[in-house]
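For reference, the chains in residue letters:
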Amino acid sequence: MSGTSLDGLDVALCEFNTENSITEFKLIASETFLYEPIWKERLQNAFDASAEHYFKLHSLYGQFISEKINLLLKNNHETADYIASHGHTIFHRPQLGFTTQIGCGATIAAKTGINTICDFRSLDVALNGQGAPLVPIGDRDLFHEFQSCLNVGGIANISFTKNRKTEAFDVCIANMALNYLTETIGKSYDDEGKLASAGTCNQNLLEQLLSLESNAQSLGREWFETQFLPLLTNPEIELNDKLATCVEYLALKISQVLNENDLQSVLITGGGAYNIFFIERLKVHFKGRIHIPNDDIIQFKEAIIFAYLGYLRANENSNTLSSITKASRDSIGGCIYLGHN
């Protein structure tokens, strides 16, 4: 799994067992392979690449993924029945009928010798869905003890069950904005939100951010770059103040969703779970119970869930909920490339 925050490639080796319609999982091994500057640059610039360069990168990134998978398996003396590879989203345009994640599944299967499942979103988009979010089925089946699940990565997304119906959507831009700002001073992220906590929320900028609207169920880098990012370029606002404002925006947007849906508890994962200042600001606006899990779940929950989506695909069970993506029906998403005869 590679997310919009461009931290690195998350690889999780998981085991699943289903009995009496209840699925249990075990995380056997996991590692985040941080992106070197060259890979960050490649992925950031892929949006503007020529068709030839794009497909070259698609193949190269598939080789990169397979190398890291082989390394994790070798270091832990393990094997795998399947690889479920989300890849890295470059274009997500469901309104135009397509979504693309680079990281060639055929290359991964060839280089690892393991059956590889990829391209989880395209079938849902072809069925007039948003192709996202896909994680809620994992939240529902694997983390059902929590009333709601919030992942704060590049984009903050939430899922919860209300009136026996699972709902999920992207809430707002999160670490995508915070990391963009810190990278202007050579830092990949704001450790524990210390820089933001030293700043002051700029009310004018906050109101501008809050006034942004997206009618889409899911957000992408394109929306961030065209709608959100231009508001962060004001040179008259200090960096720490911009960070503080973005954190306040994040806390307000998330608390609004939690409060409006009468949710009393939330499980928080993703990099935002380590942002102490964000958690403090969220507690100001949301009075329910906030649960921060152990590091393995914080860092690898989405990778675990994409492994689960692969598990469902391999067993030909639905892994995409139309009630969430707004597609015409539930579907079994994912292409399978055979890694061996």
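Our subject is the structure that appears above.
Just so you know, these numbers come straight off a predicted model, no measurement behind them.

Rules used in this analysis
- Residues numbered from 1 in each chain as written.
- Predicted model: local features only at pLDDT ≥ 70, side-chain atom pairs only at ≥ 80, totals over all residues.
- Heavy atoms only, no water.
- Helix = DSSP H or I, 4+ residues; strand = E, 2+ residues; numbered from the N terminus.
- Rg over C-alpha atoms; globule rule 2.2 N^0.38 Å.
- Buried < 20%, exposed > 50% of the residue type's maximum accessible area, 1.4 Å probe, protein only.
- Lys, Arg positive; Asp, Glu negative; His and termini not counted.
- Charge placed at Lys NZ, Arg CZ, Asp CG, Glu CD.
- Polar contact = N/O pair within 3.5 Å; in protein donor to acceptor, adjacent residues only side chain to side chain.
- Disulfide = S-S within 2.5 Å.
- Core = buried A, V, L, I, M, F, W, Y, C linked by side-chain atoms within 4.5 Å.
- Contact = heavy atoms within 4.5 Å.
- Phe/Tyr/Trp six-rings, centres within 6.5 Å; stacked < 30°, edge-to-face > 60°.
- Lys NZ or Arg CZ within 6 Å of the ring centre and 35° of its normal.
- Pairing = 2+ DSSP bridges.
- Axes fitted to C-alpha atoms, helices over the stretch in contact; angles between N-to-C directions.
- Parallel < 35°, antiparallel > 145°, perpendicular 65-115°, else oblique.
- Left-handed = near helix turned anticlockwise from the far one by under 90°.
- Nonpolar A, V, L, I, M, F, W, Y, C, P; charged D, E, K, R; others polar.

Participant: Outline the overall build of the protein, listing residues and values.
Facilitator: Broken down by element type, the protein carries 13 helices and 12 strands. Radius of gyration (C-alpha) of the protein: 19 Å, near the 20 Å computed for a compact globule of 341 residues. Taken over the C-alpha atoms alone, the protein extends approximately 60 × 45 × 40 Å along its principal axes. Put simply, the protein has 341 residues, and 52% of those count as buried. For the protein, the centre of its 26 positive side-chain charges and the centre of its 40 negative side-chain charges are spaced 2 Å apart.

Participant: Please provide a residue-by-residue account of the side chain of Glu248, values included.
Facilitator: Residue position: Glu248 is located in helix α10 (residues 239-260). In this structure Glu248 comes out as buried when scored by relative accessible area, which is 11%. Here the side chain of Glu248 touches Arg281 through a polar contact of 2.7 Å, side chain to side chain. Polar contacts involving the side chain of Glu248 include one to the side chain of His285, which spans 2.9 Å.

Participant: Which residues make up the state of the cysteines, and what are the values?
Facilitator: Scanning the entire structure with this criterion turns up zero disulfides. For the unlinked cysteine Cys14, the closest cysteine sulfur is that of Cys149, found at 16 Å. Considering cysteine sulfurs only, Cys335 is the nearest to Cys118, which forms no disulfide, with 5.5 Å between them.

Participant: Can you explain the nonpolar core? Please cite residues and give values.
Facilitator: One finds Ile173, Phe228, Ile254, Ile268 and Phe278 to be the most contacted residues of the largest nonpolar core, which totals 47 residues. In terms of residue count, the dominant contributor to this core is α10 (10 residues). When near neighbours in sequence (up to four residues on either side) are disregarded, Phe228 contacts Ile173, Ala177, Leu209, Leu212, Trp223, Cys246 and Tyr249. By size, the runner-up hydrophobic cluster in this structure holds 27 residues, among which are Phe16, Phe146, Ala307 and Ile324.

Participant: Explain the packing of aromatic side chains to me, and be specific about the residues and the numbers.
Facilitator: One pass over the structure, following the stated rule, counts 16 aromatic pairs. Ring centres of Phe47 and Phe91 lie 5.4 Å apart, and the angle between their planes is 40 degrees; on these two criteria the pair is classed as tilted. Taken together, the positions of Phe47 in the loop between α1 (37-45) and α2 (51-75) and Phe91 in strand β4 (residues 88-93) put the pair 44 residues apart, joining distant regions of the chain. A relative accessible area of 22% means that Phe47 is categorised as partly exposed. One aromatic cluster is present, formed by Tyr35, Trp39, Tyr61 and Phe64 through successive ring pairs. Taking NZ or CZ as reference, Arg42 lies 4.6 Å from the ring centre of Trp39, over its face. The ring centre of Phe143 lies 5.6 Å from the NZ or CZ of Lys301, which sits over that ring.

Participant: Kindly report on the pairing of strand β7 (residues 148-152), identifying the contributing residues and their values.
Facilitator: Most of β7 is tucked away: five of the five residues are buried. As paired strands, β7 and strand β8 (residues 155-162) are joined by five bridges and run antiparallel to one another. Directly across from Cys149, in β8, lies its bridge partner Ser159. In this antiparallel pair of consecutive strands, β7 and β8, the connection spans two residues. Pairing of β7 with strand β10 (residues 265-269) involves three bridges; the strand directions are parallel. Among the inter-strand pairings, Cys149 is bridged to a residue of β10, identified as Leu267.

Participant: Any details on the packing of helix α6 (residues 175-183) against helix α9 (residues 221-228)? Residues and values, ideally.
Facilitator: One way to put it is that α6 packs onto α9 with a least axis distance of 11 Å and a crossing angle of 60 degrees. When the axes of α6 and α9 are compared, the pair comes out oblique. Of the two elements, α6 crosses α9, and the hand of that crossing is right-handed. Between α6, through Met176, Ala177 and Tyr180, and α9, the contact on the second element is made entirely by Arg221, Phe224 and Phe228. In the contact of α6 with α9, the residues fall into five nonpolar, no polar and one charged.

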